[in-house]
Amino acid sequence: MTKIIPSSLAAGFCIGLGGAVFLLQTEKLVGAVLFCLGLYTICEMQFHLFTGRVCYALEQPLWQWLRFPVIWCGNWLGTGLAAGLLSLTRVGPAARQAAQVLVRAKDGDTLLSLFVLGFFCNIFVYIAVEGYKTFPLALGKYLAIFVGITVFIMSGYEHSVADMFYYFMAGRMDPEALVRLLVITAGNVCGGWAAWGARQAGKRAAR
């Protein structure tokens, strides 16, 4: 557990770095592609990112599920640290303004919509992470990350850890924001498990 805490903090910080790049781009596609550098770093360094790790929870004994709240909280703190540091810079006001636009859309959405968007998001997160883990060639690994993550961002799906950063950056991390983050997190969990289950079914069918 002592290794998970700094690793999850680092993962949240990396997502914050990707989120900052996304916020500061005028072209959404450019921002989406550059955001992928955050997940690329996490995969390369094997940091603990909640949305990626939770996809494989059904492979693990129940007692290991105690790690997931720790990872989630570590990611939350890491994104908060990234947002806090960025706010101290000259690009902070522009990032805050862009984050406020994103957060207003989330605050105006229904909880059901946020859940479903979170569900769809983690299907693509699973595709990205599973591709990185299983493709034998480096090119395939990196394409899995960049295509999977770019698609979910361009589609407007909800990634709970990225949303942590956006709420912090917008200055809107409050109890209402936490409720919405937990709903999105539940959608991410269900989407990741659904994608994992489909993958296992495909493996069994191929035998």
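Residue numbers run consecutively from 1 along every chain, following the written order of its sequence. It should be noted that, the model being predicted, local features are given only for residues of pLDDT at least 70 and side-chain atom pairs only at 80 or more, the latter also being counted only at that level, while totals for whole chains, interfaces and linings use all residues. Side-chain metrics in this entry use all non-hydrogen atoms of the structure; hydrogen atoms and water are not considered.

By the naming in an unreviewed UniProt entry, the protein chain is Formate/nitrite transporter FocA, FNT family, taken from Acidaminococcus fermentans. UniProt positions are given in the numbering used here, feature names are shortened, and annotations may be inferred rather than shown by experiment. Recorded under Subcellular location (unreviewed entry), the UniProt text for the protein chain is reproduced unchanged: "Membrane".

**A short note on the UniProt feature "transmembrane region" (unreviewed entry) in the protein chain**
As recorded in UniProt, the sites labelled "transmembrane region" (unreviewed entry) are residues 6-24, 29-49, 69-89, 110-129, 135-157 and 177-196. Numbering of helices and strands runs from the N terminus, with a helix taken as a DSSP run of H or I at least four residues long and a strand as a DSSP run of E at least two residues long. Helix makes up 90% of residues 69-89 and strand makes up 0%, while its end C-alpha atoms are separated by 31 Å. Along residues 135-157, the helical share is 74% and the strand share 0%, with 25 Å between the first and last C-alpha atoms.

**Quick word on empty space enclosed by the protein**
Cavity: a set of points on a 1 Å grid over the protein atoms alone where a 1.4 Å probe fits but cannot get out. Pocket: an open set with protein on both sides within 12 Å along at least five of seven lines, its lining residues, like those of a cavity, having an atom within 4 Å of a point. Grid points are joined across faces, edges and corners, and a volume is the space filled by probe spheres set on the points. By the definition in use, this model includes one cavity of 30 Å³ or more. Considering only enclosed or pocket space, the largest cavity measures out at about 40 Å³ in volume.

**Side note on the state of the cysteines**
A pair of cysteine sulfur atoms is labelled a disulfide when the two atoms are within 2.5 Å. Considering all chains together, one arrives at zero disulfides under this definition. Between Cys43, a free cysteine, and Cys14, which holds the nearest cysteine sulfur, the sulfur-to-sulfur gap is 10 Å. Residue exposure (1.4 Å probe, protein chains only): buried if accessible area is under 20% of the type maximum, exposed if over 50%, otherwise partly exposed. For Cys43, a relative accessible area of 13% gives the class buried. Cys55 carries a free sulfur, and the closest cysteine sulfur to it, the one in Cys121, is 9.4 Å from it.

**Some words on unusual backbone geometry**
Of note in the backbone geometry, Gln46 takes a positive phi value of approximately 60° without being a glycine. Summarising the element assignment, Gln46 is placed in the loop between helix 2 (28-45) and helix 3 (50-53).

**Description of a positive patch on the surface**
Here a patch means residues that are over 30% exposed by relative accessible area and free of salt bridges, tied together within 9 Å if like-charged and within 5 Å if nonpolar (Val, Leu, Ile, Met, Phe, Trp, Tyr). Only the protein chains shown count as covering a residue, and every accessible area follows the Shrake-Rupley method with a 1.4 Å probe. Any Lys or Arg side-chain nitrogen found within 4 Å of a carboxyl oxygen on Asp or Glu counts as a salt bridge. For the purpose of charge, His is not counted, nor are the chain termini; Lys and Arg are scored as positive and Asp and Glu as negative. A charge is said to be at NZ when it belongs to Lys, at CZ for Arg, at CG for Asp and at CD for Glu. Side chains of Lys133, Lys203, Arg204 and Arg207 sit close together on the surface and give a patch of like positive charge. Structurally, the position occupied by Lys203 is in helix 9 (residues 175-206).

**A closer look at helix 5 (residues 92-107)**
Every α-helix winds through 3.6 residues per turn, so residues three or four apart in the chain are directed the same way. One less than the residue count of a helix, multiplied by 1.5 Å, gives the span that helix is expected to have. With 16 residues, helix 5 ought to run about 22 Å at 1.5 Å a step, and its terminal C-alpha atoms sit 22 Å apart, in line with that. Buried within helix 5 we find Gly92, Ala95, Ala99, Val103, Lys106 and Asp107. Relative to the axis of helix 5, the buried residues are bounded by an arc of 100° and lie together on one face. Residues of helix 5 that are exposed and angled more than 90 degrees away from the buried face: Pro93, Gln97, Arg104 and Ala105. Note on contacts: a residue pair is in contact if any heavy atoms of the two residues lie within 4.5 Å. Against the buried residues of helix 5 lie helix 1 (4-23), helix 4 (67-87), helix 6 (111-134), helix 8 (160-169) and helix 9. In this description, the arc belongs to the directions extending from the helix axis to the C-beta atoms.

**Points about the layout of surface pockets**
In this model, the largest pocket occupies a volume close to 350 Å³. Lining the largest pocket are 17 residues, with Phe47, Gly52, Arg53, Val129 and Lys133 positioned closest to its centre. Counted by class, the lining of the largest pocket contains 10 nonpolar, four polar and three charged residues. What the second largest pocket holds in volume is close to 250 Å³. Lining of the second largest pocket is provided by 15 residues; of these, Leu102, Lys106, Ile153, Gly156 and Tyr157 occupy positions nearest its centre. Where the lining of the second largest pocket is concerned, the elements lending two or more residues are helix 2, helix 5, helix 7 (138-154) and helix 8. Nonpolar residues are Ala, Val, Leu, Ile, Met, Phe, Trp, Tyr, Cys and Pro. Charged residues are Asp, Glu, Lys and Arg, and all others, Gly as well, are polar. Class assignment for the residues of the lining of the second largest pocket results in nine nonpolar, two polar and four charged.

**Considerations on the pattern of salt bridges**
Tallied over the full model, the rule gives seven salt bridges. Glu176 is the salt-bridge partner of Arg180, the closest N and O atoms lying 3.7 Å from each other. Separated by four residues within a single helix, Arg180 and Glu176 lie in helix 9, roughly one turn from each other. Owing to a relative accessible area of 42%, Glu176 belongs among the partly exposed residues under this scheme. Connected through salt bridges with shared partners, the residues Asp107, Arg172, Asp174, Glu176 and Arg180 form a single ionic network.

**Topic: helix 7**
Over its 17 residues, helix 7 runs 24 Å from end to end, which matches the ideal 24 Å to within 8%, given 1.5 Å per residue. All buried positions along helix 7 are accounted for by Lys141, Ala144, Ile145, Gly148, Ile149, Thr150, Phe152 and Ile153. Residues of helix 7 that are buried in the fold lie against helix 1, helix 2 and helix 6. A positive phi of about 80° marks Gly156, the residue just after helix 7.

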